[in-house]
Structures are given as C-alpha cells and as structure tokens.
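# Reading the structure
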Amino acid sequence: MSHALTGRYTHLWFIGPALVLMVLILLMPILIAGWLSFTDYSLGGDAPEWVGIENYERIFTRSTYEKMFGATFRYVFVVVPLSVALGLGAALLIQSLTRFGEIYKTIYFLPVMAALLAMAIVWEFALHPTIGIINSTLELGCGTVLEAWSWYAAGCARNFPLWLGDREYAIWVVAFIGVWQGFGFNMVLYLAGLTAVPRELYHAAEMDGARSAWDRFRLVTWPMLGPTTVFVVTISCIRSFQVFDTIEAFYPQGGGPSKSAYVMMFAIYEKAIQQNLVGIGAAITVCFLGFVMMLTLIQRWLVERKVHYA
Amino acid sequence: MTDAAISPAQDVARDGTRLRFSTAEAVKHAVLILGALVVLLPFYVMVSYSLSLIG
C-alpha cells in the first residue's frame, strides 16, 4: 500500500470525494445565489453591480411580495396538516380493514404517480365555471334542501364561484389539489410505519386497560408513529414550499387573480427566468431556503423531543 | 397464529356483536369509497373528455 494511503491524512482520501461533491453540488450554488442576491445581475447584461440589501428591501416592503409570502404560507398551512391528517386517517382505516385494502391503497396512490402538470390541466377543465363538472354537479342540487346553506343558495341565485378565476378561492383550490396529490404518499409512509408497530404492545395496552380504539391509538399507535410523523411532516412542508407545477399550469401569465396564488417558487421563476432579474430572483431564493431551513429546524426541535426511536 | 386469526371480530363472530362489527366495517368502507370518489374525479373527467366528440 502506498505511503499516501497509510499516513496521517488517510481519512481525507475517504471523505474527500463526498466533500468535493457536497461543496460543488450543494454549497456552491447556495453561496452563488447568496452573492447574486446582493447584485443587480441579469443574464447577458453588463457586469453585476453590488446593490447591498436593496433586493431584500424590495422583497420585504413591496405589496407584491407581501402577497407572495401570504399565498405561500396559506398554501403550506393548509396542505401540510390536511395531507398529513388524511394520510394518517386513510392508513389507519385501510390497516384495520379485513378485505379490499389493496384496492384503496392503489386508488389513493394514483395521484402521486400521475404527472401533476397533466392533472392540473384536467382539474382546470373540471373546475371550469361553465362547462366544468364541479359547477354542473353543484347546479343539480339547486332547488333541494341544500339551498338552506346560504353559500349554496347564493350560488344557485347567481352563479357558483369561478374557482380558479376568483381571488377569494384561487389559493384554496390550488391547496386542495395539493392535498389531493400529496396525501397518498403520506398514506404509504404511514402504512409502512404501522407495520413496524409490534402487536404485543396492543395486547399489553389492552391488558393495562386500554379498551377503546381511541385509547390504543393515543397510547400505542401515535407514539410509535413519532419517527414516521417527523419524516412525513418535514417532507410535506418542503414539498408544499416547492409548489410550482399547478400554479404554472393554471396561471402561466402571473400568480392568479390579483396575485392571490403568487407562490415563492413561481416568483423565483418569473423574476429570474421570465423577466431576467436574476438578482431579485436570487434574493427570493435565499428567503425560500431560509424559510425551509428554519421550518425544518423548528419542526425537528419540537417533534423530536417527544419522539422515541426504537 | 396470525393477528387476523386472533382479532376480536372472529372471536365474537357468532354472537350479537357480529352485526356491530359489520356496521363498523361498512362505515369504514363508506368513508374510504367517498375519498376514492374524490381521488378518482379528475381521472373520470380525463377519460370522459377523451371519449367525447369535439364540438
């Protein structure tokens, strides 16, 4: 064996390739984005000039970016809890079935396998205010007991919402599609987590007086699913922050009616690619990275305190 | 013996609780079918539009 491999710095040969790759692929782009965010760089333009925190000032003072943060956080705070809760609920129900569980698993996993961009176009058809199946179905309920609901009666009297074209509904509809697409993946993760819960714990809990299903869930299932939940919530958060396909499919000209669905990832694309304002695009990217990192750290700190890894 | 074999459902299969178990199972299926309908809605729209005539 050569001297270089047996010497004092041998370990560097082992960690070197991974370290170089990590710097090149992970750290370097972040550092470059950080540097660009303090410049007015645009592709093909003059040499970038240092503008200090001007790009960040714009982001935190202009109303467009205020809407961007609002839409992003609304989306994340709807999609994450709902997709996690529905994923867990579906997994528990399917796990407790004696028959046909495989059919439900397949159906619920279908949206995960489908291309979101293509499915967004299908949702656009379904949600069309005049020819869409959603409003056509809602119209069937006019003149029935459903009109006791004031929202429904208003829809029958005038028109049902424009959904994607209405600034009051746009981000919630996009969030609904996010939940529709994402909860099947969480369900699969929870199903895997449930198979790892030892059956003896349920028997022991029952002997200790945990008679109801709720008691067994509260005392055995939920604590044992702690590591799975940490993973599911973290993944769901990051995926929700990264929402882009649906917004691009629904609103290629801009983030929806009155910028009500102007999420961060779309803003990065619009500024840096469409408008060639790389500096401001890089500043939004840095904010995006900061939010994701902060959220992940808070989450891990909050949840891992109560998580017991077997 | 498998877990399914020692499940309460089969322990009480011959007495009155069988009906209660069946109802619980039916409710679970009803909830899951409702969810499945929502999940399958865009796929139904996609297939129905692809089979309909233009114009």
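Residues numbered from 1 in each chain as written. Chains lettered and ligands numbered in written order. Predicted model: local features only at pLDDT ≥ 70, side-chain atom pairs only at ≥ 80, totals over all residues.

## Some details on the overall build of chain A
In terms of helices and strands, chain A carries 15 helices and 0 strands. The C-alpha radius of gyration computed for chain A amounts to 25 Å, which surpasses the reference 19 Å derived for 310 residues by more than 25%, pointing to a less compact arrangement than a globule. Summarising its shape, the C-alpha atoms of chain A cover approximately 75 × 60 × 30 Å along the three principal directions. At a minimum sequence separation of 6, the contacts of chain A that also span at least 24 residues come to 70%. (Helix = DSSP H or I, 4+ residues; strand = E, 2+ residues; numbered from the N terminus. Rg over C-alpha atoms; globule rule 2.2 N^0.38 Å. Contact = placed C-beta atoms within 7 Å.)

## Focus on the overall build of chain B
The number of helices and strands found in chain B is 2 helices and 0 strands. The buried share of chain B, reckoned over its 55 residues, is 5%. (Buried ≥ 20, exposed ≤ 12 C-beta atoms within 10 Å, placed from the backbone.)

## Let's talk about unusual backbone geometry
Residues and elements named next belong to chain A. The backbone of Trp163 sits at a positive phi, close to 55°, despite the residue not being glycine. Among the secondary structure elements, Trp163 is positioned in the loop between α8 (150–157) and α9 (170–195). According to the C-beta neighbour criterion, Trp163 is buried, with 23 such atoms within 10 Å. Positive phi outside glycine occurs at Lys259, with the angle close to 60°.

## So, the interface of chain B and chain A
Chain B puts 16 residues into the contact, and the matching count from chain A is 18 residues. A total of 14 residues in the side of chain B that touches chain A trace back to one element, the largest contributor, which is helix α2 (residues 17–51) of chain B.

## Focus on the confidence of the model for chain B
Residues and elements named next belong to chain B. The pLDDT averaged across chain B works out to 74; a share of 58% of its residues lies at or above 70. Counted against residues more than four places away or in other chains, residues 1–15, with its pLDDT under 50, gives 8 contacts. This prediction of the complex comes with two scores: 0.85 for pTM and 0.80 for ipTM. (pLDDT = per-residue confidence, 0-100.)

## Quick notes on the nonpolar core
Residues and elements named next belong to chain A. Core analysis: the biggest nonpolar cluster contains 65 residues, and Tyr75, Val174, Ile247, Ala261, Val263, Ala267 and Ile284 have the highest contact counts within it. Of the residues forming this core, the biggest block, 13 residues, is contributed by α9. Sequence-distant contacts of Ile284, that is, excluding residues within four places in its chain, are made with Ile59, Met264, Ala267, Ile268 and Lys271. (Core = buried A, V, L, I, M, F, W, Y, C linked by C-beta atoms within 7 Å.)

## Brief notes about the packing of helix α10 (residues 199–207) of chain A against helix α11 (residues 213–224) of chain A
Between two packed helices, what matters for the description is the angle formed by their axes and the separation of those axes. All names here are of chain A. Contact geometry for α10 and α11: axes closest at 10 Å, N-to-C directions at 135°. Overall, the two elements α10 and α11 adopt an arrangement that is oblique. Taken as a pair, α10 and α11 cross one another with a handedness that is right-handed. Taking contact as the criterion, the partners of Leu201, Tyr202 and Ala205 in α10 are, on α11, Arg216, Leu219 and Val220. Across the contact of α10 with α11, the residue classes break down as 5 nonpolar, no polar and 1 charged. (Axes fitted to C-alpha atoms, helices over the stretch in contact; angles between N-to-C directions. Parallel < 35°, antiparallel > 145°, perpendicular 65-115°, else oblique. Left-handed = near helix turned anticlockwise from the far one by under 90°. Nonpolar A, V, L, I, M, F, W, Y, C, P; charged D, E, K, R; others polar.)

## Side note on the packing of α9(A) against helix α12 (residues 226–241) of chain A
Residue and element names in this part refer to chain A. Closest axis-to-axis distance for the α9/α12 pair is 10 Å, and the angle between their directions is 160°. As far as their axial angle goes, α12 and α9 are roughly antiparallel. Here the hand of the crossing between α9 and α12 comes out right-handed. Of α12, the residues touching α9 (which contributes Gly178, Gly182, Asn186, Leu189, Tyr190 and Gly193) are Thr228, Phe231, Val232, Ser236, Arg239 and Ser240.

## Observations concerning the environment of Leu277(A)
All names here are of chain A. Position of Leu277 relative to the elements: it lies in the loop between α14 (264–274) and α15 (278–304). Under the C-beta neighbour-count criterion, Leu277 is labelled partly exposed, with 19 such atoms within 10 Å. Separated by 236 residues in sequence, Leu277 and Tyr41 place their C-alpha atoms 6.9 Å apart.

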